[in-house]
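Structural overview for review
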Amino acid sequence: MLTHPNGVVRPSTKEPLFSFGVIADVQYADIPDGRSFLGVPRYYRHSIAVLRRAVERWNGERSVRFCINFGDIVDGFCPKDRSLAAVQAVVREFDGFRGGPTYHMLGNHCLYNLPRSELVSVLRMPSASPGRAYYDFSPWPGYRFVVLDAYDFSAVGWPRGHPVSAAARRFLEKRNPNHDKNSPSGLEGTDRRFVMFNGGVGEAQLRWLDGVLRRAERRGEKAVVCSHLPMHPGAASPTGLMWNYEEVMDVVRRHGGCVVACLAGHVHKGGYAVDDSGVHHRTLEAALECPPGTDAFGHVEVHPDRLRLVGSDRMASTEMLLSPSNELASA
Ligand SMILES: Nc1ccn([C@@H]2O[C@H](COP(=O)(O)OP(=O)(O)OC[C@H](O)CO)[C@@H](O)[C@H]2O)c(=O)n1
């Protein structure tokens, strides 16, 4: 039995409808250990061992039907002539998962290494058009997953001089006075997100998201939105938030009750919050920052009344109860 935040005690169902594996920020590179800009240790070679153990675990869980990689598959310090080989090495590890497909998304470190179009192809993203890094899929009747490209509007991942890159630089110029646009120095609160290693969802993608959620709502589906960048200030440090998370959440709210959770990576220590509409926001702890022998991965059990993240080691477990309107949506 579990207690809902509103005080109602509900029985927990034992067998999930289905489950999916989750891992974030592998940032693999065949280079010696290092540290983040803020001095946090990073284990570039060990992270692929964390992924290997994740795949072994998912293979041992009968209910795990697919897995989701939350971006930053390779680290920015990977020598550029070895970027493709590093991405392929990580993809090979995911290919060891026998339960079903792997769904990838783009992170800033992916784009420091390879062009978007090449990543979309190497990561076999099931996008509707070539080079597009956002898509949706329905792994189970009544459930829809949406994968966002959080660097669609960004100063990284587009060639210098590309109209999107130029517009993103102008956007940052207005909001971040620092010469080094990766530095949030002097910015306050959620304004600290206006740094170059973040990005946003562009207008066309916002319209697409609106359409996907409208159809999902009409069909009575529950939706899970996945993005490299977190979209709630309570679930991540402000320096890691998506530039236009409010616009994306406005679209989510327009289809009230359809989206049950937003899952993300990028902010390595992880986080969790429930927003005013009852949407769960879970930022996943990074594989990269696991000291040798430790892990950060998990699988999410999907039950009729809840999502249950079963975390390993440094990834905290999280019980995400659905609000009664969510439960009714596909009853
Ligand atoms: N204050 C800062 C922080 C970072 N940089 C530089 O920005 C680039 C990205 O940093 P990095 O920590 O590698 O980014 P991650 O995507 O791994 O992590 C995101 C954070 O956890 C979000 O909170 C890199 O070039 C840094 O050196 C900076 O200049 N100033």
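Named according to an unreviewed UniProt entry, the protein is Manganese-dependent ADP-ribose/CDP-alcohol diphosphatase originating from Zea mays. The Cofactor (unreviewed entry) field of the UniProt record for the protein holds the comment "Mg(2+)". As its UniProt record puts it under Subunit (unreviewed entry), the protein is described as follows: "Monomer."

1. Some words on the overall build of the protein
Tallying secondary structure elements over the protein gives eight helices and 16 strands in all. Taking 2.2 N^0.38 as the reference for a compact globule, 331 residues should give roughly 20 Å; the C-alpha atoms of the protein span a radius of gyration of 19 Å, in line with that estimate. Reported as C-alpha extents along the three principal axes, the dimensions of the protein are approximately 55 × 40 × 40 Å. Relative to its full complement of 331 residues, the protein shows a buried share of 50%. At a minimum sequence separation of 6, the contacts of the protein that also span at least 24 residues come to 67%.

2. Describing the site of the ligand
Lining the immediate surroundings of the ligand are 16 residues, of which Phe37, Asn182, Phe197, Thr239 and Gly240 lie closest. Of the residues belonging to the shell around the ligand, the class tally is four nonpolar, ten polar and two charged.

3. What about the packing of helix α1 (residues 46-60) against helix α2 (residues 83-95)?
It is the contact of α1 with α2, at a shortest axis distance of 9 Å, that shows an interaxial angle of 15 degrees. If you check the angle between α1 and α2, you find them roughly parallel. Crossing of α1 against α2: the hand is right-handed. Contacts between α1 and α2 pair Ile48, Leu51, Arg52 and Val55 from the former with Ala89, Val90, Glu93 and Phe94 from the latter.

4. A word on α2
The end-to-end C-alpha distance of α2 is 18 Å, a good match for the 18 Å that 13 residues give at a rise of 1.5 Å each. Taken together, the buried positions of α2 are Ser83, Ala86, Val87, Val90, Glu93 and Phe94. Viewed end-on, α2 has its buried residues packed into an arc of 115 degrees, placing them on one side of the element. Seen from the open side of α2, the exposed residues pointing more than 90 degrees away from its buried face are Ala85, Gln88, Arg92 and Asp95. Buried positions along α2 lie against α1, β6 (64-69), β7 (102-104), α3 (108-113) and α4 (116-122).

5. Some remarks on the confidence of the model for the protein
When pLDDT is averaged along the protein, the result is 94; 94% of the residues meet or exceed 70. For residues 1-11, every residue scores under 50 in pLDDT, and the model assigns this stretch ten contacts once sequence neighbours within four places are set aside.

6. Things to note about the nonpolar core
In terms of nonpolar packing, the biggest core is built from 98 residues, with Val22, Phe70, Val90, Cys226 and Ala287 touching the most fellow members. Excluding residues within four positions of it along the chain, Cys226 makes contact with Ile68, Phe70, Met105, Phe145, Val146, Val147, Leu148 and Leu263.

7. As for the sheet that holds strand β14 (residues 296-303)
What the six strands build is an open sheet, ordered β7-β6-β3-β14-β15-β16; its pairing is mixed. Bordering the open sheet on either side are β7 and β16 (318-321), each of which pairs with just one other strand. Averaged over all pairs of adjacent strands, the angle between their axes in this sheet comes to 20 degrees, without regard to strand direction. Pairing geometry for β6 and β7, over three bridges, is parallel. Looking at the pairing, Cys67 lines up with Thr102 of β7.

8. A short note on the pairing of strand β3 (residues 18-23)
Each regular strand shows side chains that alternate between the opposite faces of the sheet. In terms of burial, β3 is a largely internal element, five of the six residues being buried. In this sheet, β14 lies alongside β3 in antiparallel orientation, the contact comprising five bridges. The partner of Val22 across the bridge, within β14, is Gly298. Relative to β6, β3 is paired through five bridges, and the arrangement is parallel. By the bridge assignment for β6, Ile23 is matched with Asn69.

What counts, and at which threshold
- Residues numbered from 1 in each chain as written.
- Predicted model: local features only at pLDDT ≥ 70, side-chain atom pairs only at ≥ 80, totals over all residues.
- UniProt positions renumbered as here; feature names shortened; annotations may be inferred.
- Helix = DSSP H or I, 4+ residues; strand = E, 2+ residues; numbered from the N terminus.
- Rg over C-alpha atoms; globule rule 2.2 N^0.38 Å.
- Buried ≥ 20, exposed ≤ 12 C-beta atoms within 10 Å, placed from the backbone.
- Contact = placed C-beta atoms within 7 Å.
- Near = placed C-beta within 6 Å.
- Nonpolar A, V, L, I, M, F, W, Y, C, P; charged D, E, K, R; others polar.
- Axes fitted to C-alpha atoms, helices over the stretch in contact; angles between N-to-C directions.
- Parallel < 35°, antiparallel > 145°, perpendicular 65-115°, else oblique.
- Left-handed = near helix turned anticlockwise from the far one by under 90°.
- Expected span 1.5 Å × (residues − 1).
- Arc of directions from axis to C-beta.
- pLDDT = per-residue confidence, 0-100.
- Core = buried A, V, L, I, M, F, W, Y, C linked by C-beta atoms within 7 Å.
- Pairing = 2+ DSSP bridges.

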